[in-house]
Amino acid sequence: MSGLPGGFWWLWLSTLVNRTGAFVLTFLSLFLTQELGFSGWYAGLVVALHGLGGIAGSPLGGMLSDRWGRRPTMVTGHLAAAACAASLAVVTSPWAVAAVVLLMGVAMQSVRPAIGATIADQVPEHDRRRAYALNYWALNLGFAIAATGGGAALFLGYRTLFLIEAVATALCAVIVFVRLPETRPEAPVNADGERSAAPRLTTLDVLRDGPFRTLVLLSLLVCTVFSTPWVGLPLTMTSTGLAPESYGVVIAVNGVVIVAFQLLVNRITEGRSTIGLLVVSALLFALGTGATALADTPLLFAATVVVWTIGEMVYIPVNAAATARLAPVHARGRYQGVMGMAWSVGGFVAPVTAGWVVEGPGPDFLWLGCAAVAVLAAVGYVVLLRRALGGDEAAGGAEGSTKAAGPAGGAVAAGSAEGTKAAGAAGAAGAAEAAGGAGAGAGGGTAAGRVGRGDGTGEPSDGVAAAAEGPATAVSAR
């Protein structure tokens, strides 16, 4: 943990505080079904709306962080999310609840690109991968606390928990405003002594960057595979005759492994090839998801979760560091935003597809298909991005004139440390029905939003929540 600037640790603390109070997404489906009496289908739809909001919020946050600044974007996003969390404590109309959750998705995901860009601004390239990993660790550590602490505090009522999240998120905004300096790079000074305006880029302009576009598409494949277990796994386990509650225990392994071993994984992967680590992580996803087709006991299912969780721990910080390394300095926020949007889209597609495949061709087809997609991504990294992301890791420390030139100059970026994932209502309903009484947790469960997983940077591994609630909340909180 040594050698990182003080500003990073204030950002790290804000992430920990924010995620420690992450009660809304953890308990939203239970609140909607048990407290307000809505159906599991409606709960899944509402959580999916949160993910859809993230698809819009990620590029919006990226644009604002480059034009307006990192700090005002984070402060505004956090305060807006706090207002939405507080509103959920009082609204009861189904339309009002849906609107608030949608806006909350926009607000929460708009912060992620600014966080990713701030880390890139503050931390030298040789330390960025470690910094992104530490921030991701804080996210998971905070969410683990929220999942367990929130479960113990349910006697206070869901509305009280939502107010606690509003306070925690507002405190996060205060930390950023008071302690975090603005890090957006200033425009260079021209011959007349005036600062030249950086070229303004749209999302389409960013996607015209060929290598970056390739990286986004490959990340979309990985994110789709990564998001599939959060819906496909409970459906598969119940189809083998296992009790629905066994899924909570199995998926909790994801969060436990990350909290316990992320720092060790950081140490092992430090200084290693970006392409090599991306390939290894994709192959771990392939092995873990493919082996799920062979599992038939909770212990074997948990073993498969361990395998793809290791892939997750490798992939998230490496992907985020690649973004910071290769994005033009003036467009770091936009590149992070586009990658976060890719994670959200992948997380939305996966649950819908998983529900259809499990009830159609069957679970084995789903998991073997995931393995094939992950292997395809691994091959794509080697064949398509070896030149763009290969070479000496240290050599990229100074973002040179080529990167500053923008996408037209061939600069690329990848990753979202906390990519937010969103899932469709169709998959949510399917999970609820197929789980055979798994309850509201499964009903809302397909809608994934990290987060940010993601995260990121996207969007993105808050799976500890599943022990308390089932697939919905664990994925949505990501």
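From a predicted model like this one, the values you see are computed outputs, not experimental measurements.

Asker: Describe the overall build of the protein, listing the residues and the values that go with them.
Answerer: Across its full length, the protein carries 20 helices and 0 strands. In the protein, which comprises 478 residues, the share counted as buried stands at 61%. Just so you have it, the protein exposes about 16400 Å², and 68% of that area is on carbon and sulfur atoms.

Asker: Account for a nonpolar patch on the surface, naming residues and giving values.
Answerer: Together, Leu283, Val375, Val379, Val383 and Leu384 make up a nonpolar patch on the protein surface, roughly 430 Å² of accessible area in all. Ranked by residue count, the leading element in the nonpolar patch is helix H15 (residues 363-389), at 4 residues. The exposure class assigned to Leu283 is partly exposed, which follows from its relative accessible area of 40%.

Asker: Outline the pattern of salt bridges, listing residues and values.
Answerer: Pairing is possible between side chains that carry opposite charge, provided their charged atoms lie close to one another. For the coordinates displayed, the defined rule picks out 7 salt bridges. A salt bridge links Asp66 to Arg70, with the nearest nitrogen and oxygen atoms 2.8 Å apart. The residue Arg208 makes a salt bridge to Asp205 at a minimum N-O spacing of 2.5 Å. Assessed through its relative accessible area of 22%, Asp205 is described here as partly exposed. In the salt-bridge network here, residues are joined through shared partners; they are Asp66, Arg70, Asp121, Arg332 and Arg334.

Asker: An account of the environment of Phe23 is requested, with residue identities and associated values reported.
Answerer: With respect to the element layout, Phe23 can be found in the loop between helix H1 (6-20) and helix H2 (24-35). Note on Phe23: relative accessible area 8%, which makes it buried. Taking C-alpha positions, Phe23 is 6.1 Å from Leu161, a pair spaced 138 residues apart along the chain.

Asker: Outline helix H12 (residues 274-291), supporting the account with residue identities and numerical values.
Answerer: Because each turn of an α-helix spans 3.6 residues, side chains separated by three or four positions in sequence point in the same direction. Between its first and last C-alpha, H12 extends 26 Å over 18 residues, near the 26 Å set by a 1.5 Å rise per residue. Within H12, burial applies to Thr274, Ile275, Leu277, Leu278, Val279, Ser281, Ala282, Phe285, Ala286, Gly288, Thr289 and Gly290. If you check the start of H12, you find a side-chain oxygen 3.4 Å away from the backbone N of Ile275, and it comes from Ser273.

Asker: I'd love a proper account of helix H4 (residues 70-88), names of residues and values included.
Answerer: Compared with the 27 Å implied by 1.5 Å per residue over 19 residues, the 27 Å span of H4 between its first and last C-alpha is a close match. Listed as buried for H4 are Arg70, Thr73, Met74, Val75, Gly77, His78, Ala81, Ala82, Cys84, Ala85 and Leu88. Tucked into the core, H4 has its buried residues touching H1, H2, helix H3 (40-67), helix H5 (94-122), helix H7 (158-179) and helix H14 (332-359).

Asker: Go over the packing of aromatic side chains with me, naming the residues and quoting the values.
Answerer: Counted under the stated rule, the structure contains 14 aromatic pairs. Between Phe8 and Trp9 the ring centres are 5.1 Å apart and the planes differ by 75°, which places this aromatic pair in the edge-to-face class. With a relative accessible area of 25%, Trp9 lands in the partly exposed category. Measuring from centroid to centroid gives 4.6 Å for Phe38 and Tyr42, while their planes differ by 50°, and the two rings are tilted.

Asker: So, the packing of H4 against H7: which residues are in play, and what are the values?
Answerer: Contact geometry of H4 with H7 gives a least axis separation of 8 Å together with a crossing angle of 165°. Accordingly, the angle class assigned to the pair H4 and H7 is roughly antiparallel. In this structure, H4 meets H7 at a crossing whose hand is left-handed. When H4 is examined against H7, the residues Arg71, Met74, Val75, His78, Leu79, Ala81, Ala82, Ala85, Ala86 and Leu88 are found in contact with a partner set consisting of Arg159, Phe162, Leu163, Glu165, Ala166, Thr169, Ala170, Cys172, Ala173, Val176 and Phe177. A per-class count over the contact of H4 with H7 returns 16 nonpolar, 2 polar and 3 charged.

Asker: How would you sum up the packing of H12 against helix H13 (residues 298-326)? Please name residues and give values.
Answerer: Taken N-terminus to C-terminus, the directions of H12 and H13 make an angle of 150°; their axes are 8 Å apart at the nearest point. In terms of their interaxial angle, H12 and H13 are classed as roughly antiparallel. Seen along the crossing, H12 lies across H13 with a hand that is left-handed. Residues Thr274, Leu277, Leu278, Ser281, Leu284, Phe285, Leu287, Gly288, Thr289 and Ala291 of H12 form the contact with H13, whose own contacting residues are Thr304, Val307, Trp308, Ile310, Gly311, Glu312, Val314, Tyr315, Val318, Asn319, Ala322 and Arg325.

Asker: If you had to explain the environment of Arg128 to someone new, which residues and values would you point to?
Answerer: You can see Arg128 is positioned in helix H6 (residues 125-152). Overall, the relative accessible area of 4% leaves Arg128 in the buried class. Separated by 192 residues in sequence, Arg128 and Ala320 have C-alpha atoms that sit 8.5 Å apart.

Asker: So, the nonpolar core: which residues are in play, and what are the values?
Answerer: Of all hydrophobic cores here, the largest spans 62 residues; its most connected members are Leu233, Phe285, Tyr315, Tyr381 and Leu389. Only helix H9 (210-227), helix H10 (229-239), helix H11 (245-269), H12, H13, H14 and H15 provide two or more residues apiece to this core. Per-element accounting of this core gives the leading share, 11 residues, to H13. One finds Val24, Ala98, Val101 and Leu161 within the second-largest nonpolar core, a separate group that totals 33 residues.

Definitions and limits used
Residues numbered from 1 in each chain as written. Predicted model: local features only at pLDDT ≥ 70, side-chain atom pairs only at ≥ 80, totals over all residues. Heavy atoms only, no water. Helix = DSSP H or I, 4+ residues; strand = E, 2+ residues; numbered from the N terminus. Buried < 20%, exposed > 50% of the residue type's maximum accessible area, 1.4 Å probe, protein only. Areas by Shrake-Rupley, 256 points an atom, 1.4 Å probe, with all protein chains shown as cover. Patch = residues over 30% accessible without salt bridge, like charges linked within 9 Å, V, L, I, M, F, W, Y side chains within 5 Å. Salt bridge = Lys/Arg side-chain N within 4 Å of Asp/Glu carboxyl O. Expected span 1.5 Å × (residues − 1). Polar contact = N/O pair within 3.5 Å; in protein donor to acceptor, adjacent residues only side chain to side chain. Contact = heavy atoms within 4.5 Å. Phe/Tyr/Trp six-rings, centres within 6.5 Å; stacked < 30°, edge-to-face > 60°. Axes fitted to C-alpha atoms, helices over the stretch in contact; angles between N-to-C directions. Parallel < 35°, antiparallel > 145°, perpendicular 65-115°, else oblique. Left-handed = near helix turned anticlockwise from the far one by under 90°. Nonpolar A, V, L, I, M, F, W, Y, C, P; charged D, E, K, R; others polar. Core = buried A, V, L, I, M, F, W, Y, C linked by side-chain atoms within 4.5 Å.

So far we have only geometry, and geometry alone does not tell us how the molecule works.
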